[in-house]
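One letter stands for each residue in the lines below.
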Amino acid sequence: MLDIAPPVSTRITDRAAERDRFAAIRHQSEALAANLSPEDQAIQSMPDVSPTKWHLAHTSWFFETFLLMPLAPGYRAFDPAFAYLFNSYYEAVGPRHPRPARGLLSRPTVDVVAAYRDHVTAAMLRLIETAGDDVWQQAAPLIELGVNHEQQHQELILMDIKQVFSMNPLLPAYQAPRPHAAARASSPAWIEFAGGLEEIGHAGNGFAFDNEGPRHKTWLEPFRLASRPVSCGEYLDFVGDGGYRRPEFWLSDGWACVQQQSWQAPLYWRCDDGEWRIFTLSGERPMDPAEPVCHVSFYEADAFARWAGKRLPTEAEWEIAARDVPLDGNLADNGHLHPCPETSEAAGLRQMIGDVWEWTASPYIAYPRFRPASGAVGEYNGKFMSNQMVLRGGAAVTPADHIRITYRNFFPPSARWAFSGLRLAEDL
Ligand SMILES: [Fe+2]
């Protein structure tokens, strides 16, 4: 049996509610794949992208490995070979199929993966309903972790299939176009914050990933934040001003990416006879200058900010600024699956939640006094704390009940296939 300590502080006493939430999230993953053919679900277009059916199987492997095998008496693995195929990165659990080769798995088929999901879901529902109190105390935090893990993979399913479809000259649409209200991006307002000694990080009883804590003090100098994310129109001014040809705006590693990968604009932008078009999950269409720019790397976000004479906010600035912001916005449940222009006239910060993940100037490192959980689930977040940058706020493909003000997403600074944009900051 694995030594698994719950990595999160969470208190779950209502089994019926947890059962319903578990079943709904399992169903939601399958609904996301319902638009896709078996051929769509098997493709891996680059090493960072996983096939849809791999996500569907891996999220089941997580429940099988960390809950059913250790805690459900008499549970039989659906197929012992899946432990090798669908382990993502857990060294403590054993060897695994190499990540860049996930697209070579024509077997198991989509149908077999669906049967695997049903097998695991049924066994999990039995566990939730019948576990004795002592087992439930161990199981409940891990179920909550597994459900949140599956929601992360729901976002990955959408990010990844967009990358897969973008490689197809037919530019397939994942879903029909969703019209959004026309808007003209006005200049952003600037919202001022006094700074001082503040506290950031998760506290309290609700679920959070281990990397969101411990809550701790941090010192902030006075700063201000733009009221909305940078728009496509503003970013186009940077492109038009030679932004991708002028090394003075770029970090050295970023400039190397520009050269090596021939970056000339954000990922999924294409200039067709002088007209900029962008590829979305609803197919290709003209770029809307008012919508937030998306699919830029940290390097591009940082270069844009330098060109604009501003900077990226730190994650502490972002979190302090966001602490009174309501937890709603253009998230996956809206169905757009693409950032939308801001139409609200309200004063203050807008679009902090949803639309685009916002790159921060903060490296993804441990908060003071952070300790990963013991055992295999301790590998969930802690071991990735180098060479990545933090993003905040969720995007149009993030499940609505998955985002928090304290949520720390992270990607390498050259990554562009996440729904990543930016908001400008400035010292006062
Ligand atoms: Fe995973």
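Note that the coordinates shown come from a computational prediction; the quantities given were computed from them, not determined experimentally.

(A) A look at the side chain of S50. With respect to the helices, strands and loops of the structure, S50 is situated in the loop between α1 (15–33) and α2 (52–71). Judged by its relative accessible area of 3%, S50 falls in the buried class. Here R102 takes part through its side chain, which lies 2.8 Å from a polar atom of the side chain of S50. With residues near it in sequence (within four places) discarded, S50 still touches I43, H55, R102 and D160.

(B) Structural context of the coordination of the iron ion. Bound to the iron ion are the protein donor atoms H58 (NE2), H149 (NE2) and H153 (NE2), situated 2.2 Å from the metal. For the iron ion, the donor residues sit on a single chain with the sequence spacing H-x90-H-x3-H. Residue H149 and its partner H153 are both found in helix α5 (residues 133–166); the two are separated by four residues, about one turn of the helix. H153 sits in the buried class, given a relative accessible area of 10%.

(C) Examining the pattern of salt bridges more closely. Taken as a whole, this structure holds 30 salt bridges when the rule is applied. Linking R21 and D401 is a salt bridge whose minimum nitrogen-to-oxygen distance equals 3.2 Å. Linking R21 in helix α1 with D401 in the loop between β9 (389–392) and β10 (409–411), this pair joins segments that are 380 residues apart in sequence. The partner of R246 in a salt bridge is E248, with the nearest N and O atoms 2.8 Å apart. Among the residues examined, E248 registers a relative accessible area of 47% and is labelled partly exposed. Each member of the salt-bridge network shares a partner with another, and the members are R26, E30, R117 and E150.

Reading the values: rules and limits
- Residues numbered from 1 in each chain as written.
- Predicted model: local features only at pLDDT ≥ 70, side-chain atom pairs only at ≥ 80, totals over all residues.
- Heavy atoms only, no water.
- Helix = DSSP H or I, 4+ residues; strand = E, 2+ residues; numbered from the N terminus.
- Buried < 20%, exposed > 50% of the residue type's maximum accessible area, 1.4 Å probe, protein only.
- Polar contact = N/O pair within 3.5 Å; in protein donor to acceptor, adjacent residues only side chain to side chain.
- Contact = heavy atoms within 4.5 Å.
- Donors = N, O, S within 2.8 Å, 3.2 Å for Na, K, Ca; no water.
- Salt bridge = Lys/Arg side-chain N within 4 Å of Asp/Glu carboxyl O.

So far we have only geometry, and geometry alone does not tell us how the molecule works.
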